[in-house]
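Listed below are the residues making up each chain.
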There are 2 protein chains.
Amino acid sequence: MKTRTAKPQAAAAPLGLDQQLCFALYSTGLAMTKLYRKLLAGLELTYPQYLVMLVLWERDGLAVSEIGERLFLDSATLTPLLKRLEAAGLVSRTRSAEDERQVVIGLTAQGRALKKRAAAVPGAVFCATGCERDELLALKRQLESLRERLADSA
Amino acid sequence: MKTRTAKPQAAAAPLGLDQQLCFALYSTGLAMTKLYRKLLAGLELTYPQYLVMLVLWERDGLAVSEIGERLFLDSATLTPLLKRLEAAGLVSRTRSAEDERQVVIGLTAQGRALKKRAAAVPGAVFCATGCERDELLALKRQLESLRERLADSA
DNA sequence: TGCAATTGAATAGCACGCTATTTAAATTGC
DNA sequence: GCAATTTAAATAGCGTGCTATTCAATTGCA
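Report follows, based on the coordinates. This is a predicted model, so every value here is computed, not measured.

Quick look at the sheet that holds strand 3 (residues 103-107) of chain A now. Residue and element names in this part refer to chain A. Read across the sheet, three strands follow the order 1-3-2 without closing on themselves; strand pairing throughout is antiparallel. Each end of this open sheet is capped by a strand with a single partner; those strands are strand 1 (62-63) and strand 2 (91-95). The sheet strands contacting helix 5 (residues 75-87) are strand 2 and strand 3, and the helix crosses strand 2 at an angle near 125 degrees.

Next comes the structure, spelled out in structure tokens:
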């Protein structure tokens, strides 16, 4: 009885295994944003706002939809978030001249300046994980491949 | 130039590695809840509501705080969620006789009955991951240990 | 015993993140 | 060349998830 047929999947994971992985994913994500909340408090950024800033620090002047593609978020989430970043003086929102449907997001001087102050965050997070670099890299790859498969099924 | 010293962690992960892991965690979590949204639509449950039901199906009659301990959520999140489950006729909320501060959550007949209909969910999720059981178990353990370390730092 | 400190739940207020819908601009197709 | 479709962003409405606060019940200690 060492091997089991792979067939009865529902029976093989009664209300347990898969749920536990998903719950681990869910609760670890919450714990992560909680850590970021503390680390980003001084910058007055939330974690999703920080992600948007990371994207813009890498490449300025993207359309809302381009930011959304990188972060897997859509305009319903990004529009209000970007308005808050605009209100905070970190980004500008301008309709594109070539395509008036698009809104181009640009960094302000203040937004660019924030990059320096954010430089300490990654190290602090890395530290908090208490993991080796290779461990984190491996975990990242596993999560990305899982993300892809989940997205395909959804 | 193949090897790099591991010392300057902040410099070694300039705005990259740790951030990438965290983003992988974040975005995979979103993808996961998106899949659950589809799978749970027929049960009229959100993913957090499903988690609460899982806890109650395992052990009925828990206090709000006990549910919160299992799910790493507090009363500010659970109270409105539980009221929605109550409004849906799935649970009852009663103040404990021994300690009137506590509210005991009990399954209704309808809540218990829902367990059968939810039985297909884990299999469907397992299927969607496209992973081996061992792979998922390993990932789960890694996430749990990461969660613990993040919680300690937060 | 009596009163302060603690605890459990609820509430207020904010920021996501989603689906569904709306509006306006660009593209297409005939 | 113009109607029909498609696209980008915004909006409406809902359900988390959080911090901070409030209120009532209980505990603990002088």
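This next bit is on the protein's contact with DNA strand C. The immediate surroundings of DNA strand C are formed by 29 residues, with Arg84 of chain A together with Tyr26, Thr79, Lys83 and Arg93 of chain B found nearest. Here Gln49 of chain A contributes a side-chain N or O atom positioned 2.8 Å from a phosphate oxygen of DNA strand C. Here a phosphate oxygen of DNA strand C and a backbone polar atom of Val103 of chain B are 3.1 Å apart. Those elements giving two or more residues to the surface near DNA strand C turn out to be helix 3 (47-58) and helix 5 of chain A together with helix 2 (17-40), helix 4 (64-71), helix 5 (75-87) and strand 2 (91-95) of chain B.

Here we come to the interface of chain B and chain A. With 63 residues of chain B at the interface, the matching set in chain A holds 62 residues. Buried surface at the junction of chain B and chain A, summed over both partners, amounts to about 6,100 Å²; 72% is from carbon and sulfur atoms. Across the contact surface, chain B and chain A share 16 residue pairs in polar contact (both at pLDDT 80 or more). Within the residue set of the side of chain B that touches chain A, elements represented by two or more residues are helix 1 (9-12), helix 2, helix 3 (47-58), helix 4, helix 6 (109-118), helix 7 (121-129) and helix 8 (133-153) of chain B. Element by element, the count of residues in the side of chain B that touches chain A is highest for helix 2 of chain B, at 19 residues.

Our focus in this paragraph is the protein's contact with DNA strand D. What surrounds DNA strand D is a group of 29 residues, the closest being Tyr26, Thr79, Lys83 and Arg93 of chain A together with Thr46 of chain B. In DNA strand D, the atoms that sit within 4 Å of the protein are 78% sugar and phosphate, with bases accounting for the remainder. Between DNA strand D and Lys83 of chain A there is a distance of 2.5 Å, counted from a phosphate oxygen to a side-chain nitrogen or oxygen. In this structure, Arg84 of chain B approaches DNA strand D through a side-chain N or O atom, which is 2.9 Å from a phosphate oxygen. Broken down by secondary-structure element, the contributors of at least two residues to the surface near DNA strand D are helix 2 (17-40), helix 4 (64-71), helix 5 and strand 2 of chain A together with helix 3 and helix 5 of chain B.

Taking 1.5 Å of rise per residue, 13 residues should cover 18 Å, and helix 5 of chain A covers 17 Å from first to last C-alpha, within 8% of that figure. Phi turns positive one or two residues past the end of helix 5 of chain A, at Gly89 of chain A, with a value near 80 degrees.

It is worth spelling out the relation of the copies chain B and chain A at this point. In this arrangement, two copies of a chain are superimposed by a rotation about an axis accompanied by a shift along the axis. Rotating chain B by 180 degrees and moving it 0.0 Å along the rotation axis overlays it on chain A with an RMSD of 0.0 Å. Read as a symmetry element, the transformation amounts to a two-fold axis.

We now examine the sheet that holds strand 2 of chain B. The strands that make up a sheet pair up through hydrogen bonds in the backbone, lying either parallel or antiparallel. Residues and elements named next belong to chain B. As summarised here, the arrangement of the three strands in space is 1-3-2, forming an open sheet in which the pairing is antiparallel. Because the sheet does not close on itself, it has two edges, and the strands there are strand 1 (62-63) and strand 2. Relative to strand 3 (residues 103-107), strand 1 runs antiparallel, the two sharing two bridges. Bridge pairing in strand 3 links Leu62 to Ile105. Across the sheet, helix 5 touches strand 2 and strand 3, and the angle it forms with strand 2 is around 125 degrees.

Before going further, it helps to spend a moment on helix 6 (residues 109-118) of chain A. All names here are of chain A. Every buried residue of helix 6 is accounted for by Gly111, Leu114 and Ala118. Projected down its long axis, helix 6 carries its buried residues within an arc of 45 degrees, all on one side. What points out from helix 6, more than 90 degrees from its buried face, is the exposed set Ala109 and Lys116.

Two side chains of opposite charge can pair, provided their charged atoms sit close to one another. For the coordinates displayed, the defined rule picks out 10 salt bridges over all chains. Among the ionic pairs, Glu58 of chain A bridges to Arg70 of chain A, the shortest N-O distance being 3.4 Å. Taken together, the residues Glu58 of chain A in helix 3 and Arg70 of chain A in helix 4 connect sequence positions 12 residues apart. By relative accessible area, Glu58 of chain A is classed as exposed at 60%. The exposure class assigned to Arg70 of chain A is partly exposed, which follows from its relative accessible area of 39%. Between Arg101 of chain B and Asp99 of chain B there is a salt bridge; the shortest N-O distance is 2.9 Å. With relative accessibility at 68%, the residue Arg101 of chain B sits in the exposed group. Take Asp99 of chain B: its relative accessible area is 22%, and that puts it in the partly exposed class.

With that settled, consider unusual backbone geometry. Residues and elements named next belong to chain A. Within the chain, Glu44 stands out as a residue other than glycine whose phi angle is a positive 60 degrees. Mapped onto the secondary structure, Glu44 falls in the loop between helix 2 and helix 3. The class for Glu44 is exposed, based on a relative accessible area of 69%. At Phe72, a residue that is not glycine, the phi angle is positive and equals roughly 60 degrees. In this structure, Phe72 sits in the loop between helix 4 and helix 5. Phe72 gets classed as partly exposed once you look at its relative accessible area, which sits at 45%.

Each value, and the rule that gives it
Residues numbered from 1 in each chain as written. Chains lettered and ligands numbered in written order. Predicted model: local features only at pLDDT ≥ 70, side-chain atom pairs only at ≥ 80, totals over all residues. Heavy atoms only, no water. Pairing = 2+ DSSP bridges. Helix = DSSP H or I, 4+ residues; strand = E, 2+ residues; numbered from the N terminus. Contact = heavy atoms within 4.5 Å. Axes fitted to C-alpha atoms, helices over the stretch in contact; angles between N-to-C directions. Near = heavy atom within 4 Å. Polar contact = N/O pair within 3.5 Å; in protein donor to acceptor, adjacent residues only side chain to side chain. Buried area = accessible area lost by both parts, 1.4 Å probe. Expected span 1.5 Å × (residues − 1). Least-squares fit on C-alpha atoms with pLDDT ≥ 70 in both. Buried < 20%, exposed > 50% of the residue type's maximum accessible area, 1.4 Å probe, protein only. Arc of directions from axis to C-beta. Salt bridge = Lys/Arg side-chain N within 4 Å of Asp/Glu carboxyl O.

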